Amino acid sequence: YRLKLGGTRAGPRAGLGTVLMVVVALALLARHAVGQEAEGVREFDLSGHVYGEDDRPLVGAFVSLRGSDWGSLTDDKGRFLVRNVVPGRVELTVEQLGYETLEWEGVVTSTTALDLHLEPQPVLLEGLTVIADRFQARRNATATSVRWFDRSALATSPHVSTLEFLASRGMIRIRCRSAYGDNCVLVRGRAVEPSVWVDEAPIIAGLEYLDDIPPYELYMVEVYGTGRHIRAYTSGFMERSAKIGLHPIPFVF
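Residues numbered from 1 in each chain as written. Predicted model: local features only at pLDDT ≥ 70, side-chain atom pairs only at ≥ 80, totals over all residues. Heavy atoms only, no water.

S.K.: Explain the sheet that holds strand 7 (residues 88–95) here, please?
M.R.: Strands in a sheet are paired, the pairing made by backbone hydrogen bonds, and the direction either parallel or antiparallel. Taken in spatial order, the four strands line up as 5-4-7-8 in an open sheet, and their pairing is antiparallel. Lying at the two open borders of the sheet, with one neighbouring strand each, are strand 5 (71–73) and strand 8 (102–108). For this sheet, the mean angle separating the axes of adjacent strands, direction not counted, is 25°. As paired strands, strand 4 (residues 62–65) and strand 7 are joined by four bridges and run antiparallel to one another. Bridge pairing in strand 7 links L65 to L92. (Pairing = 2+ DSSP bridges. Helix = DSSP H or I, 4+ residues; strand = E, 2+ residues; numbered from the N terminus. Axes fitted to C-alpha atoms, helices over the stretch in contact; angles between N-to-C directions.)

So, in structure tokens, the structure goes:
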């Protein structure tokens, strides 16, 4: 055919070019419209609760968007808050020591409030109870005062580091010159660099380690005396201990 443009003749090739230009223009307009629509989508904070056996709220359960390292720890009421979620279908992972990991998928909006239930691992939970009793027996047999903080206290702490958490619970942290850093503990009026053990192994520059690790990454912390000896335990260690039936080794100060 012939298409007359501006008083000249254009063949099929010119007409095809015009059609392509129209298609490209429409595609750009569509993309712009989609972009405007995406910009109009508002992120929201997804909230809910995590429960265990007997509908008991779980403290310190980790709720995250699947494939992400970011998430939320449940508080003392089992409540979580995952920030900056886009409305639509999401996949959540819920983890808690002693319970089966939950993989949840569904559609959420800004009005969604989730109630998630974890299935217990009875053998592991029983093992954790036994290990906790054995640690308590060792604390009772120690000839010094002992303060200890469990998973609930550590997971709900607002402090950035475990050292800050311990300082807020009565351990007097002071600055000093030591072989491995500038942190010490005040013991009977003297600056002391305490011995720090993690998972039953001594740690060099232990206070610096505690200053680097958030409290929610630990399962339990023990403070002997006014802080001259500190023992910290990770969830992985406690899980292994529950499985093998660990007997903590007694020690004397």
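S.K.: Explain the state of the cysteines to me, please; I cannot follow it from the model alone.
M.R.: Two cysteines joined by a covalent bond between their sulfur atoms form a disulfide. Considering all chains together, one arrives at one disulfide under this definition. Here C176 connects covalently by a disulfide to C184, the sulfurs 1.8 Å from one another. Measuring handedness by torsion sign, the sulfur bridge of C176 and C184 sits at about 70° and is right-handed. Accessibility expressed as a relative area gives 4% for C184, which makes it buried. (Disulfide = S-S within 2.5 Å. Buried < 20%, exposed > 50% of the residue type's maximum accessible area, 1.4 Å probe, protein only.)

S.K.: When you look at the sheet that holds strand 6 (residues 79–85) in this model, what are you seeing that I'm missing?
M.R.: Within the open sheet, the three strands sit side by side as 6-3-9. Their pairing is mixed. The open sheet has two edge strands with one neighbour each: strand 6 and strand 9 (113–117). Neighbour-to-neighbour, the strand axes of this sheet turn through a mean angle of 30°, independent of strand direction. For strand 3 (residues 44–51) and strand 9, the ladder comprises five bridges, and the chain directions are parallel. For Y51, the partnering residue across the bridge sits in strand 9 and is H117.

S.K.: Teacher, can you tell me more about the pattern of salt bridges here?
M.R.: Pairing between side chains of opposite charge can happen when their charged atoms approach one another. In the structure shown here, the tally under the stated rule is eleven salt bridges. Salt-bridge contacts for R66 lead to E91; the nearest nitrogen and oxygen are separated by 3.2 Å. Residue R66 is located in the loop between strand 4 and strand 5, and its partner E91 is located in strand 7; the two are separated by 25 residues in the primary sequence. A residue is classified by how much of its surface remains accessible, and E91, at 31% relative accessible area, is partly exposed. (Salt bridge = Lys/Arg side-chain N within 4 Å of Asp/Glu carboxyl O.)

S.K.: What's the story with the environment of E91 in this structure? I'm lost.
M.R.: Separated by 14 residues in the primary sequence, E91 and E105 place their C-alpha atoms 4.4 Å from one another. Every residue in contact with E91, bar those within four places of it in the chain, is listed here: S64, L65, R66, W104 and E105. (Contact = heavy atoms within 4.5 Å.)

S.K.: Whenever I open this one, helix 2 (residues 122–140) confuses me. Can you help?
M.R.: Residues that lie three or four places apart on an α-helix share one face, since the helix turns once every 3.6 residues. With 19 residues, helix 2 should reach 27 Å at 1.5 Å per residue; the first-to-last C-alpha distance of 27 Å fits that figure. Looking only at helix 2, the buried set comprises L124, L125, G127, L128, I131, F135, R138 and R139. The buried residues of helix 2 all sit within an arc of 160° when viewed along its axis, so they share a single face. Of the exposed residues in helix 2, the ones pointing more than 90 degrees away from its buried face are P122, V123, E126 and N140. Buried residues in helix 2 make contact with strand 10 (146–149), strand 16 (218–224), strand 17 (229–234) and helix 6 (235–244). (Expected span 1.5 Å × (residues − 1). Arc of directions from axis to C-beta.)

Taken by themselves, the reported measurements are silent on function.
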